[in-house]
Amino acid sequence: MIGNYISIMLKFYVLYLFFTFGAFSCSTTKNSRCIGGITVTLTDKSGLDGCTWLFTMTDGKMLHPINLDDYIENPVDGKKYIITYTKAEDMFSICMAGEMITLSCVSGIN
């Protein structure tokens, strides 16, 4: 009787460890380092007609992310990130301040 109890508890313990390590060991592109990415600064450009948040590159060029909300819940003006992206072909915006992009990875810099 006690042997069965120990055997069942051991199985539950192993399953618990398996799920715990499985849930916390995997990283997604939203939280991991963006390999080969560029450093940018998030800039609030809501003062410009039709603009909201843009990324400013180190050379001053602006990038207009079309999927920023997928990666950053609470944007903060001036926060630095490392990003990877692709150009958003055949898309237009009334904000004419930056090239439109689709983010593929965003990693905050502390």
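Here is a short report on the structure shown in this document. (Residues numbered from 1 in each chain as written. Predicted model: local features only at pLDDT ≥ 70, side-chain atom pairs only at ≥ 80, totals over all residues. Heavy atoms only, no water.)

1. Focus on the packing of aromatic side chains
Then, in step 1: Following the criterion strictly, the structure yields 1 aromatic pair and no others.
Then, in step 2: Taking the centre distance of 6.1 Å and the plane angle of 75° together, the rings of Phe-55 and Tyr-81 count as edge-to-face. Highlighted residues: Phe-55 in strand β2 (residues 53–57) and Tyr-81 in strand β4 (residues 80–87), separated in sequence by 26 residues.
Then, in step 3: Looking at Lys-79, its charged tip hangs above the ring of Tyr-81, at a distance of 5.4 Å from the centre. (Phe/Tyr/Trp six-rings, centres within 6.5 Å; stacked < 30°, edge-to-face > 60°. Helix = DSSP H or I, 4+ residues; strand = E, 2+ residues; numbered from the N terminus. Lys NZ or Arg CZ within 6 Å of the ring centre and 35° of its normal.)

2. Topic: the nonpolar core
Then, in step 1: If you look at the biggest cluster of nonpolar residues, it comprises 14 residues, and the most contacted ones within it are Phe-55, Ile-72, Tyr-81, Ile-83 and Leu-103.
Then, in step 2: Broken down by secondary-structure element, the contributors of at least two residues to this core are β1 (38–44), β2, β4 and β5 (99–108).
Then, in step 3: Among all residues touching Ile-83, those that are not within four sequence positions of it are Cys-34, Gly-37, Ile-38, Val-40, Phe-55, Leu-63, Ile-101, Leu-103, Cys-105 and Val-106. (Core = buried A, V, L, I, M, F, W, Y, C linked by side-chain atoms within 4.5 Å. Buried < 20%, exposed > 50% of the residue type's maximum accessible area, 1.4 Å probe, protein only. Contact = heavy atoms within 4.5 Å.)

3. Here we look at the environment of Thr-86
Then, in step 1: For Thr-86, the position within the fold is in strand β4.
Then, in step 2: Classification of Thr-86 by relative accessible area gives partly exposed; the value is 46%.
Then, in step 3: When the C-alpha atoms of Thr-86 and Ile-101 are compared, they prove to be 5.7 Å apart, with 15 residues separating the residues in sequence.
Then, in step 4: Discounting residues that sit within four places of it in the chain, Thr-86 has contacts with Ile-101 and Thr-102.

4. Brief notes about the state of the cysteines
Then, in step 1: Under the counting rule described, the total for this entry stands at 2 disulfides.
Then, in step 2: For Cys-34, the disulfide goes to Cys-105, at an S-S distance of 2.0 Å. The sign of the -85° torsion about the S-S bond sets the Cys-34-Cys-105 disulfide as left-handed. Of the two residues, Cys-34 sits in the loop between α1 (2–25) and β1 while Cys-105 sits in strand β5, which places them 71 residues apart along the sequence. With respect to burial, Cys-34 and Cys-105 carry one shared label: buried.
Then, in step 3: Disulfide partner of Cys-51: Cys-95, at an S-S distance of 1.9 Å. Looking down the S-S bond of the Cys-51 and Cys-95 bridge, the torsion is 90°, so its handedness is right-handed. (Disulfide = S-S within 2.5 Å.)

5. Looking at unusual backbone geometry
Then, in step 1: Unlike most non-glycine residues, Asp-90 shows phi in positive territory, near 60°.
Then, in step 2: Tracing the chain through its elements places Asp-90 in the loop between β4 and β5.
Then, in step 3: The class of Asp-90 is exposed, set by a relative accessible area of 74%.

6. Let's talk about the pattern of salt bridges
Once the charged atoms of two side chains with opposite charge are near each other, the side chains can pair.
Then, in step 1: A complete count under the given rule lists 2 salt bridges for this structure.
Then, in step 2: Among the ionic pairs, Glu-99 bridges to Lys-61, the shortest N-O distance being 3.1 Å. Note that Glu-99 is positioned in strand β5 and Lys-61 in the loop between β2 and β3 (62–65), a separation of 38 residues in sequence.
Then, in step 3: Assessed through its relative accessible area of 36%, Lys-61 is described here as partly exposed.
Then, in step 4: With a closest N to O distance of 3.9 Å, Glu-99 and Lys-87 form a salt bridge. Of this pair, Glu-99 sits in strand β5 while Lys-87 sits in strand β4, placing them 12 residues apart in sequence. (Salt bridge = Lys/Arg side-chain N within 4 Å of Asp/Glu carboxyl O.)

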